[in-house]
Amino acid sequence: MIKRLDRLDVVTSDLADAAAIYEGNFGFAVRRETGADDAIVNVGDAEIRLRSGADAASFIAANGEGLAAVWLEADNLDEVGAALDRAALAHRPIRHEGDRRILEIDPKAANMVPLFIFDRRT
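So, a few notes on the structure that sits alongside this text. Small disclaimer: the values here were computed from a predicted structure and weren't measured.

Looking at the layout of surface pockets
Empty space among the atoms can be located by rolling a probe the size of a water molecule over them. A volume near 170 Å³ is recorded for the largest pocket. Asp-9, Arg-49, Arg-51, Phe-59, Ala-68, Ala-69, Trp-71, Pro-114 and Phe-116 are the residues that line the largest pocket. When contributions to the lining of the largest pocket are tallied by element, the ones reaching two or more residues are strand S4 (46-51) and strand S5 (66-74). The biggest single contributor to the lining of the largest pocket is S5, with three residues. Residues that form the lining of the largest pocket fall into these classes: six nonpolar, no polar and three charged.

Section: the packing of aromatic side chains
Counted by the stated rule, this structure contains four aromatic pairs. Consider the rings of Tyr-22 and Phe-26, whose centres lie 5.9 Å apart with planes at 50 degrees: the pair is tilted. Of the two residues, Tyr-22 and Phe-26 both sit in helix H1 (residues 15-26), four residues apart, roughly one turn of that helix. You can call Phe-26 exposed: its relative accessible area is 53%. Between Trp-71 and Phe-116, the aromatic rings sit 4.5 Å apart at their centres with planes inclined by 15 degrees, giving stacked as the arrangement. A residue pair is termed long-range when its members are at least 10 positions apart, and Trp-71 in strand S5 and Phe-116 in strand S8 (residues 115-119) qualify at 45 residues. Of the residues examined, Trp-71 reaches a relative accessible area of 7% and is grouped as buried.

Some thoughts on the sheet that holds S8
Whether parallel or antiparallel, the strands of a sheet pair through hydrogen bonds between backbone atoms. Strand order in the open sheet formed by eight strands is S2-S3-S4-S1-S5-S8-S7-S6, with mixed pairing between adjacent strands. Where the open sheet ends on each side, the last strands, each with one partner, are strand S2 (30-31) and strand S6 (95-97). Bridge count between strand S1 (residues 2-11) and S5: eight bridges; the pairing is antiparallel. What sits directly across from Leu-5, in S5, is Leu-72. Lying on the sheet, H1 is in contact with S1, S2, strand S3 (38-43) and S4; it crosses S4 at an angle near 150 degrees.

Regarding the pattern of salt bridges
Overall, the coordinates contain 16 salt bridges when judged by the stated rule. Asp-75 is the partner of Lys-3 in a salt bridge, and the nearest nitrogen-oxygen pair spans 3.8 Å. Of this pair, Lys-3 sits in strand S1 while Asp-75 sits in the loop between S5 and helix H3 (77-86), placing them 72 residues apart in sequence. Given the relative accessible area of 44%, Asp-75 is considered partly exposed. Of the charged contacts, one joins Asp-99 and Arg-120 as a salt bridge, the two residues approaching to 3.4 Å between their closest N and O atoms. With a gap of 21 residues between them, Asp-99 in the loop between S6 and strand S7 (100-105) and Arg-120 in the segment after S8 connect regions that are remote in the sequence. When its relative accessible area of 42% is taken as the criterion, Asp-99 is described as partly exposed. Linked by salt bridges that have partners in common, Lys-3, Arg-4, Asp-6, Asp-45, Glu-73, Asp-75, Asp-99, Arg-100 and Arg-120 make up one network.

What counts, and at which threshold
Note on numbering: residues in each chain are counted from 1, in written sequence order. Under the rules for a predicted model, residues below a pLDDT of 70 receive no local features and side-chain atom pairs below 80 are neither given nor counted, while totals for whole chains, interfaces and linings still include all residues. With hydrogens and water excluded, all non-hydrogen atoms of the structure serve as input to the side-chain values. In this analysis, the protein atoms alone were mapped onto a 1 Å grid. Cavities are point sets where a 1.4 Å probe fits without being able to get out; pockets are open sets with protein on both sides within 12 Å along at least five of seven lines; lining residues have an atom within 4 Å of a point. Grid points are joined across faces, edges and corners, and a volume is the space filled by probe spheres set on the points. The numbering of helices and of strands both runs from the N terminus, where a helix is a DSSP run of H or I of at least 4 residues and a strand a run of E of at least 2. Asp, Glu, Lys and Arg are counted as charged, while Ala, Val, Leu, Ile, Met, Phe, Trp, Tyr, Cys and Pro are counted as nonpolar; the rest, among them Gly, fall into the polar class. Under the pairing criterion, centres of Phe, Tyr and Trp rings, with the six-membered ring standing for Trp, must be within 6.5 Å; the plane angle then separates stacked pairs below 30 degrees from edge-to-face pairs above 60, leaving the rest tilted. Relative accessible area decides the class of each residue, using a 1.4 Å probe on protein chains only: under 20% of the type maximum gives buried, over 50% gives exposed, and in between gives partly exposed. For two strands to count as paired, DSSP must find a minimum of two bridges between them. Contacts are assigned to residue pairs with any non-hydrogen atoms lying within 4.5 Å of each other. All axes here are fitted lines through C-alpha atoms, helices being fitted over the stretch that makes contact, and every angle between N-to-C directions spans 0 to 180 degrees. Put simply, a salt bridge is a Lys or Arg side-chain nitrogen that is within 4 Å of an Asp or Glu carboxyl oxygen.

What follows is the structure, given as structure tokens:
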């Protein structure tokens, strides 16, 4: 049902420092656009998105720095939603963003981790 890990979102108050940690400690190449509030670390066919700026600040104020979201790709989001319903696991209705249909799982059902599952069907 779940096809692969797509992305981990990590929030940080110091994007340059976080990028330096992934580059220096782990040898990853970090992609960052000039002036952008995020940076991307590719790990195989998945990525870690380092986020900072105003978007991340409210998350940090409420939860602290660190893991902010897990993104998983599925073959068929309708099947995932049906399985969640059968297991009585709360989730929001499917929403559309670009070429993705996204299902947001209630963090209480995922060890308090914001979990997003998507497919590429329109």
